[in-house]
Amino acid sequence: MPEEQYMRRAIQLAAEGEGKTRPNPLVGAVIVKDGRIIGEGYHTKYGSLHAEREALADCARRGMDPEGADMYVTLEPCCHTGKQPPCTEALAEAGIGGVIIGSSDPNPLVSGKGTEFLRQHGIRVETGFLKEECDSLNPIFFHYITTGRPYVALKYAMTADGRIATVTGQSEWITGDVARNHVHKLRNRYASILVGINTVLADNPMLNCRLPGGVNPLRIVLDSSLRIPMECQLVQSAREIPLMVVCGDAPEAEKRALENLGAEVLSLPGADGRPDLKALVGVLGKRGIDSLLIEGGSQVHYSALNSGIVNHIYSYVAPKIFGGQQALGPVSGSGVEQVSDAFRLKLAGTQLLGSDILIEYEVSECLQE
């Protein structure tokens, strides 16, 4: 098997932990000796063995000796004690001969120190192997560990003429089953999901993840004056799936009513009385929420972009045309006055999902401070 295939197997394994390891990264490891795999593993969930120790344990289960073997690992091995002891020590103790690393770890507790430890213990180290493919596993972790703020993505589905609803407001369903299933993969991937109150009033969504074995995100509603109905699905399920309602200066009676039903009410009034999105991502980051998926309406999308919190965009485009001057597009708000003021994007990828197209963008100018 070519060396690239060993690392790609490690990447494939790492992805199996999606939704379960946060705020830890996705990591996979493959141990190779005499041209064949003798052990493999991945970080299965937060608090469990890291990928390197899982792979070593797999060697033991197979009755294989890892001494002198090479390990292909998607991320630089840790060299500090957290929920688990350092992986670098386990590799040295096992007599691993070489470690081929995909991504460097930007965590200050690890960055460069893991590879240095390995080399000091006589282990051959190669870095940056299939780096781009390995880096693509962990944009959320890389952003969160370096900024302390959640990685924020904006998602919407639109027609080929840029409409997210008809002139009468109908929006179910713009895209097909394959694209909608992909959305649930995102809900499994992201730690929290956000909508505006108008989406709640119009659609009465559940905002859960419907994948088998998927993990439900923290559900967040922007609701300046607490208009959210007590009988809606989000509130009625708040004791089973966490719900946060973010308001401005809202009446205490409504706050207490929501809290009595299991919801958390967070008051973060901005200058215009609406919830302050910058303050919200700060709160989420301090709570260990590493990622946020915004599925709001067009006004919420504009507010998020204008506040500078958005890192990534998922744009699902269906082969349909609605037309209509009053039919909404994915981003409304006050808009920009000059072309030069446009929100700048960088194409990150495209893929065909059934008859729909997913276009991904990175937002060029995101909040930096």
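Residues numbered from 1 in each chain as written. Predicted model: local features only at pLDDT ≥ 70, side-chain atom pairs only at ≥ 80, totals over all residues. Heavy atoms only, no water.

1. Notes on the overall build of the chain
No. 1: In terms of helices and strands, the chain carries 12 helices and 14 strands.
No. 2: If you line up the chain on its principal axes, its C-alpha atoms span 65 × 45 × 40 Å.
No. 3: Carbon together with sulfur atoms contributes 49% to the accessible area of the chain, which is approximately 17,100 Å² in total. (Helix = DSSP H or I, 4+ residues; strand = E, 2+ residues; numbered from the N terminus. Areas by Shrake-Rupley, 256 points an atom, 1.4 Å probe, with all protein chains shown as cover.)

2. Some remarks on the packing of helix α3 (residues 87–94) against helix α4 (residues 113–120)
No. 1: Interaxial distance between α3 and α4 falls to 10 Å at its minimum, and their mutual angle equals 20°. Here α4 runs roughly parallel to α3, going by the angle between their axes. For the pair α3 and α4, the crossing hand works out as right-handed. Between α3 and α4, the contacting residues are Thr88, Glu89, Leu91 and Ala92 on the first element and Gly114, Phe117 and Leu118 on the second.
No. 2: Its residues assigned to classes, the contact of α3 with α4 comprises four nonpolar, two polar and one charged. (Axes fitted to C-alpha atoms, helices over the stretch in contact; angles between N-to-C directions. Parallel < 35°, antiparallel > 145°, perpendicular 65-115°, else oblique. Left-handed = near helix turned anticlockwise from the far one by under 90°. Contact = heavy atoms within 4.5 Å. Nonpolar A, V, L, I, M, F, W, Y, C, P; charged D, E, K, R; others polar.)

3. A few points about the side chain of asparagine 188
No. 1: Within the fold, asparagine 188 resides in helix α7 (residues 177–189).
No. 2: Using a relative accessible area of 7% as the deciding quantity, one classes asparagine 188 as buried.
No. 3: Within polar-contact distance, the side chain of asparagine 188 engages the backbone oxygen of glutamate 18 at 3.2 Å.
No. 4: Looking at asparagine 188, its side chain comes within polar contact range of the main-chain nitrogen of valine 215, at 2.8 Å.
No. 5: Contacts of asparagine 188, omitting those with residues within four sequence positions, involve Glu18, Gly19, Arg22, Cys209, Leu211, Gly214 and Val215. (Buried < 20%, exposed > 50% of the residue type's maximum accessible area, 1.4 Å probe, protein only. Polar contact = N/O pair within 3.5 Å; in protein donor to acceptor, adjacent residues only side chain to side chain.)

4. As for the environment of histidine 80
No. 1: The topology assignment puts histidine 80 in the loop between β3 (70–75) and α3.
No. 2: The class for histidine 80 is partly exposed, based on a relative accessible area of 23%.
No. 3: For the pair histidine 80 and serine 315, spaced 235 residues apart in sequence, the C-alpha to C-alpha distance is 39 Å.
No. 4: If sequence neighbours within four positions are ignored, histidine 80 has contacts with Pro85, Pro86, Asn107, Leu109 and Val110.

5. Section: the state of the cysteines
No. 1: Taken as a whole, this structure holds zero disulfides when the rule is applied.
No. 2: For cysteine 209, which is in no disulfide, the shortest distance to another cysteine sulfur is to cysteine 232 and amounts to 20 Å.
No. 3: A relative accessible area of 8% means that cysteine 209 is categorised as buried.
No. 4: With no disulfide partner, cysteine 232 has as its closest neighbouring cysteine sulfur the one in cysteine 247, 15 Å distant. (Disulfide = S-S within 2.5 Å.)

6. Remarks on the sheet that holds strand β12 (residues 312–318)
No. 1: The strand order β10-β9-β8-β7-β11-β6-β12-β14-β13 describes an open sheet built from nine strands, whose pairing is mixed. Strands at the two margins of the open sheet, each flanked by one partner only, are β10 (264–267) and β13 (345–353). Taking the axes of each pair of neighbouring strands and ignoring which way they run, one obtains an average angle of 20° across the sheet.
No. 2: The pairing of strand β8 (residues 218–222) with strand β9 (residues 243–247) spans four bridges and is classified as parallel. Across the sheet, residue arginine 219 finds its bridge partner in β9, namely leucine 243.
No. 3: Here helix α11 (residues 277–286) sits on the sheet in contact with β6 (151–159), β7 (192–196), β8, β9, β10 and β11 (291–294), set at roughly 160° to β8. (Pairing = 2+ DSSP bridges.)

7. A look at the pattern of salt bridges
No. 1: Under the defined criterion, the tally for this structure stands at 13 salt bridges.
No. 2: Salt-bridge contacts for glutamate 18 lead to arginine 189; the nearest nitrogen and oxygen are separated by 3.0 Å. Of this pair, glutamate 18 sits in the loop between α1 (3–14) and β1 (28–33) while arginine 189 sits in helix α7; the two residues are 171 residues apart in sequence, bridging distant segments of the chain.
No. 3: For glutamate 18, a relative accessible area of 22% puts it in the partly exposed group.
No. 4: One salt bridge connects aspartate 135 with lysine 131, and the closest N-O pair in it is separated by 3.0 Å. Highlighted residues: aspartate 135 and lysine 131, both in helix α5 (residues 131–135), separated by four residues, approximately one helical turn.
No. 5: Overall, lysine 131 belongs to the partly exposed group, its relative accessible area being 39%.
No. 6: When salt bridges that share partners are traced, they join Asp58, Arg61 and Arg62 into one network. (Salt bridge = Lys/Arg side-chain N within 4 Å of Asp/Glu carboxyl O.)

8. Some words on the packing of aromatic side chains
No. 1: Tallied over the full model, the rule gives five aromatic pairs.
No. 2: An aromatic cluster is defined as three or more aromatic residues linked by ring pairs; in this entry it consists of Tyr6, Tyr72 and Phe129.
No. 3: A cation over a ring is seen here: arginine 180 above tryptophan 173, with NZ or CZ 4.5 Å from the ring centre. (Phe/Tyr/Trp six-rings, centres within 6.5 Å; stacked < 30°, edge-to-face > 60°. Lys NZ or Arg CZ within 6 Å of the ring centre and 35° of its normal.)

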